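Secondary and tertiary structure notes
So you can see what is in the structure, the chains are spelled out below.
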Amino acid sequence: MRLRRTIAWLLLPILVLLILLALLISPLGTPVLRYVAEAVVDDLTITRMDGTLLSDFSVSGLSWQNDQWKVNADYVEINVVLSCFFSKKLCIDHLTLNNIAITQTAVSDDNDADDTPTADFTLPIPISLNALTLTGFSLALPDQSISLASLSTKGSADEKIHLDSLTVEGVAVQLAASKTQDADPAATRSYAMDYSAPELPVITLPMSVNINDFSLAPMTITQGDNAPIEVARVTWDNLSFIESQLNWRKLHVEHSQATVDSTGGIVFSERYPLDVSAQVSVTQDDVHEDIDLDAQGALDDMSFTLKTQGTYTLVAQGKGNVLTDSLPLDFTLSWPDQSIPQIEGGQLWQGTLSFQGEMGEYHLTGEAGA
């Protein structure tokens, strides 16, 4: 009798574990999971849970808030490939989110900045995401808001975040009106030239990011009562941010009055070395310009070449150092004979314009034919 009782006590924990496991992997367990989630997390409410961990698992009508934030989600569905756990990976076949709204209801009083350098970050286990679909997202802050109609992508994350075919549609950004300061009539007005070199921060991401085949269309940016800025499309073949180095390839931006195509890179540390190439096409009223820009070097020793063709033709070349208060510059602008369409019979003769020197000792010289 005693032996049977001992065996029963030994088997009881196993039986309880099996019951809990059966609840987790069967539809009967979803009400239990919902109850446990609402009991453990304060101010969390869930309207419905469906599915199991062995198939599609969904949550409907999720709502949570605290003193500063409020989160609502109409629908969330996830399918986790459990076999990946044997290889110490988290594999998500698909993740679907519908109508996600995040609102900041109050601003924290803690304004102390954390100057601690950003440490490298690595996920505890690799994550693979076969498909992410987001429909309807909004983030509302006290002075600004952002919303998007849809987002889709796939990717992975481990020591770096890698995304493929990231497509974003219907982005709207609302910014607060810019604050203006009334001029002090008693203040002394100075017309002397002055320049203070900027102190550039070192920008480093805790985890490298690589994004291939990005597409955004369209995007609207509105500030206060100003007319909205409409960006028809933004695309790129590849963008990577590794430690402090940002590189992009075949960046394309479309606006109603201009298009930009660019490839290049910049390192956000020390001298900010860069190598950027850009082609800009501008059309406004009866003026059309095709602009080629190349810039190399670093902010303390940068050289550039700019060429324009179209309504006006000119070539600009220069170099400079913007990291010293003396701001040394050497700039030359040249142009051929050309007409001025805005002035009837107007003519601009071939000429050059040069600008060299340092702060307080700049020299401007020019030469033109007639």
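What counts and what doesn't
- Residues numbered from 1 in each chain as written.
- Predicted model: local features only at pLDDT ≥ 70, side-chain atom pairs only at ≥ 80, totals over all residues.
- Heavy atoms only, no water.
- Helix = DSSP H or I, 4+ residues; strand = E, 2+ residues; numbered from the N terminus.
- Buried < 20%, exposed > 50% of the residue type's maximum accessible area, 1.4 Å probe, protein only.
- Polar contact = N/O pair within 3.5 Å; in protein donor to acceptor, adjacent residues only side chain to side chain.
- Contact = heavy atoms within 4.5 Å.
- Core = buried A, V, L, I, M, F, W, Y, C linked by side-chain atoms within 4.5 Å.
- pLDDT = per-residue confidence, 0-100.
- Pairing = 2+ DSSP bridges.

Points about the side chain of His 252
When you line up the elements, His 252 lands in strand S10 (residues 245-255). On the basis of relative accessibility, which here comes to 18%, the residue His 252 falls in the buried class. Of the polar contacts made by the side chain of His 252, one reaches the side chain of Glu 254; its length is 2.9 Å. A polar side-chain atom of His 252 sits 2.7 Å from a polar atom in the side chain of Asp 261. Sequence-distant contacts of His 252, that is, excluding residues within four places in its chain, are made with Arg 233, Val 234, Thr 235, Thr 259, Val 260 and Asp 261.

Some remarks on the nonpolar core
Grouped together as the largest cluster of nonpolar side chains are 30 residues, with contacts concentrated most on Leu 151, Val 168, Val 171, Phe 214, Leu 216, Leu 246 and Ile 266. At the level of elements, strand S4 (90-104), strand S5 (127-140), strand S6 (144-157), strand S7 (160-175), strand S8 (208-223), strand S9 (229-242) and S10 are the ones that each hand at least two residues to this core. Take this core: its biggest share by element is 5 residues, from S9. The contact partners of Val 168, leaving out residues within four places of it in the chain, are Leu 148, Ser 150, Leu 151, Phe 214, Ser 215, Leu 216 and Ala 217. Counting 5 residues, the second largest nonpolar core, distinct from the first, contains Ile 46, Met 49, Phe 57 and Val 59.

Regarding the confidence of the model for the chain
Taken residue by residue, the chain gives an average pLDDT of 86. The fraction at 70 or more is 84%. Per-residue pLDDT, averaged within each element of the chain, yields its smallest value for helix H1 (residues 2-24) (55) and its largest for strand S11 (residues 258-267) (97).

Regarding the environment of Ile 78
Here Ile 78 is to be found in strand S3 (residues 69-81). What makes Ile 78 partly exposed here is its relative accessible area of 24%. Sequence spacing of Ile 78 and His 94 is 16 residues, and the spatial spacing of their C-alpha atoms is 5.8 Å. The contact partners of Ile 78, leaving out residues within four places of it in the chain, are Ser 55, Asp 56, Phe 57, Ile 92, His 94 and Leu 95.

Section: the pairing of strand S13 (residues 287-298)
Note that strand S12 (residues 274-284) and S13 share 11 bridges and pair antiparallel. Each bridged residue has a counterpart across the sheet, and for Val 282 the counterpart in S13 is Glu 289. If you look at the hairpin formed by S12 and S13, you'll find 2 residues sitting between the two strands, and Asp 285 has a positive phi there, around 55°. Sheet topology note: the S13/strand S14 (residues 301-310) ladder contains 10 bridges and is antiparallel. If you follow Asp 292 over to S14, its bridge partner there is Lys 307. Once S13 ends, the chain turns through 2 residues before running back antiparallel as S14.

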